[in-house]
Amino acid sequence: MHHCPSCSSQSLKDVLWGTTALKQCLNCSLFFLRDMPHYDDTIDYYASSYVLQNNITTTNYHYERRRIARLPEQIFLLSKLISLLPPRVAMIDIGCDRGFFLDEARRFGYKVLGIEPSISAREACNTIGIPVLPSLDEVKGQFDCVVMWHSLEHFPEPAKTIRQINGLISKGGILAVRVPDFGSFWSRLLRHRWKWFQPHQHYVHYNVASLEYLLKHHGYEIISLKSRRANTLTTMRSQSAANRLFAKNLGIKASLFDYASQWYHYIASIELFCIAKKI
Ligand SMILES: [Zn+2]
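For the structure given in this document, a descriptive report is provided here. (Residues numbered from 1 in each chain as written. Predicted model: local features only at pLDDT ≥ 70, side-chain atom pairs only at ≥ 80, totals over all residues. Heavy atoms only, no water.)

With that out of the way, let us pick up the packing of aromatic side chains. Tallied over the entire structure, the rule returns 12 aromatic pairs. Seen in terms of ring centroids, Trp17 and Phe31 are 6.4 Å apart; in terms of plane orientation they differ by 55 degrees. Their pairing is tilted. Of this pair, Trp17 sits in strand β1 (residues 12-17) while Phe31 sits in strand β3 (residues 31-33); the two residues are 14 residues apart in sequence, bridging distant segments of the chain. Measuring from ring centre to ring centre gives 5.4 Å for Phe101 and Trp149, while their planes differ by 85 degrees; the resulting arrangement is edge-to-face. One end of the pair, Phe101, is in helix α3 (residues 100-107); the other, Trp149, is in strand β7 (residues 143-149), and 48 residues separate them in sequence. We classify Trp149 as buried; its relative accessible area is 9%. Taken together, the ring pairs connect Trp17, Phe31, Phe182 and Phe197 into an aromatic cluster. The ring of Tyr63 carries Arg98 above its face, with NZ or CZ at 3.7 Å from the centroid. Between Arg178 and the ring centre of Trp149, over which it is positioned, the NZ or CZ distance is 5.2 Å. (Phe/Tyr/Trp six-rings, centres within 6.5 Å; stacked < 30°, edge-to-face > 60°. Helix = DSSP H or I, 4+ residues; strand = E, 2+ residues; numbered from the N terminus. Buried < 20%, exposed > 50% of the residue type's maximum accessible area, 1.4 Å probe, protein only. Lys NZ or Arg CZ within 6 Å of the ring centre and 35° of its normal.)

Encoded structure:
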């Protein structure tokens, strides 16, 4: 790629991140893969390969335990949105996974729609009655709120994606985005070994400057933009309670690897959390 997929600048610098070749835009600070996949190939990948497990019983337990662990996070996110958006407005979650966030959002009274390319995740949404479509291309209508929780980095052409979202979000509407913080201490320390450096599926890497640039240059006013731990201590406590509940009642024990992974996530998962308003 010879130009920045966010600002179109051709002022680019080659960066080697481990064994992965990146480009850094010297205009907007965005980092992105030098060899960007074609958009159509990414669609095929997410529809088929982006499936975690196939054993239905084990998978359901695994996800239900995860849902309980993530519940404090959903409440936190909704608390940040509710002061800006009264319940009953229409909300769309791009990359909604199995609908954990939307499930809670609809309990708060929002009208929800999910976008999710993974077939198995869509089936999980259907099971609990959350309306879901496979692609942004199929969405019709206007929404008061668009959320993208760790999905923007999966889109190889961010400017194009934000322009597409602009057609769906009403004036004065809210766009809320969380992405891995590529500029964080842990990302810079661990580099290609950082848990969220996943070049096979994260094509674009954001820091505060590049995320702010992307949104401001596509007609958004930044209400808040912060680097934060994705997993707070409250989430860890909820995780611990979920582990105990599933071990005691269902005999599903978290492995030592699970515990180590949960602590690693707690320490090194640093994300950018941005709330922006369409002007
Ligand atoms: Zn740029």
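After presenting the structure, the write-up continues.
Surrounding the zinc ion are the protein donor atoms Cys4 (SG), Cys7 (SG), Cys25 (SG) and Cys28 (SG), at 2.3 Å. Counting gaps between the donor residues of the zinc ion yields the pattern C-x2-C-x17-C-x2-C. Here Cys4, found in the segment before β1, pairs with Cys25, found in strand β2 (residues 20-25); they are 21 residues apart in sequence, far enough to count as distant. Taken as a pair, Cys4 and Cys25 share a single burial class, namely buried. (Donors = N, O, S within 2.8 Å, 3.2 Å for Na, K, Ca; no water.)

Bringing the nonpolar core into the picture now. Membership of the largest hydrophobic core comes to 48 residues, with the highest contact counts inside it found for Leu152, Ile165, Leu175, Tyr206, Leu211 and Leu215. Here the element with the most residues in this core is strand β8 (residues 169-180); it accounts for four residues. Setting aside residues up to four positions removed in sequence, Leu211 forms contacts with Leu152, Val177, Val179, Tyr206, Leu225, Leu272 and Cys274. (Core = buried A, V, L, I, M, F, W, Y, C linked by side-chain atoms within 4.5 Å. Contact = heavy atoms within 4.5 Å.)

The next subject is the sheet that holds strand β11 (residues 270-278). On the basis of which strands lie adjacent, the open sheet formed by seven strands has the order β6-β5-β4-β7-β8-β11-β10 and mixed pairing. Both edges of this open sheet fall to β6 (132-133) and β10 (220-229), since each of them pairs with a single strand only. Alignment of strand β5 (residues 111-115) against β6, held across two bridges, turns out to be parallel. Paired with Gly114 across the bridge in β6 is Val132. Its contacts with the sheet place helix α7 (residues 208-216) against β8, β10 and β11, and it is angled at close to 155 degrees to β10. (Pairing = 2+ DSSP bridges. Axes fitted to C-alpha atoms, helices over the stretch in contact; angles between N-to-C directions.)

Moving on, we get to the sheet that holds β3. The four strands lie next to each other as β1-β2-β3-β9, forming an open sheet whose pairing is antiparallel. Taken across any chain shown, the strands that pair with only one partner, and hence form the sheet edges, are β1 and β9 (204-205). Direction of pairing for β3 relative to β9: antiparallel, over a ladder of two bridges. When the sheet's bridge partners are listed, Phe32 is paired in β9 with Val204.

Glancing now at the environment of Arg34. Along the chain, Arg34 turns up in the loop between β3 and α1 (39-48). C-alpha of Arg34 to C-alpha of Ala21: the two residues are 13 residues apart in sequence and 5.6 Å apart in space.

Okay, α3 next. Counting buried residues in α3 gives six out of eight residues, a clear majority hidden from the surface. Backbone geometry just after α3 places Gly109 at a positive phi near 110 degrees.

This part takes up α7. Of all the residues in α7, the buried ones are Ser210, Leu211, Leu214 and Leu215. Buried residues of α7, seen end-on, are gathered within an arc of 125 degrees and therefore sit on one face of the element. Its buried side turned inward, α7 meets α5 (158-166), β8, β9, β10 and β11. (Arc of directions from axis to C-beta.)

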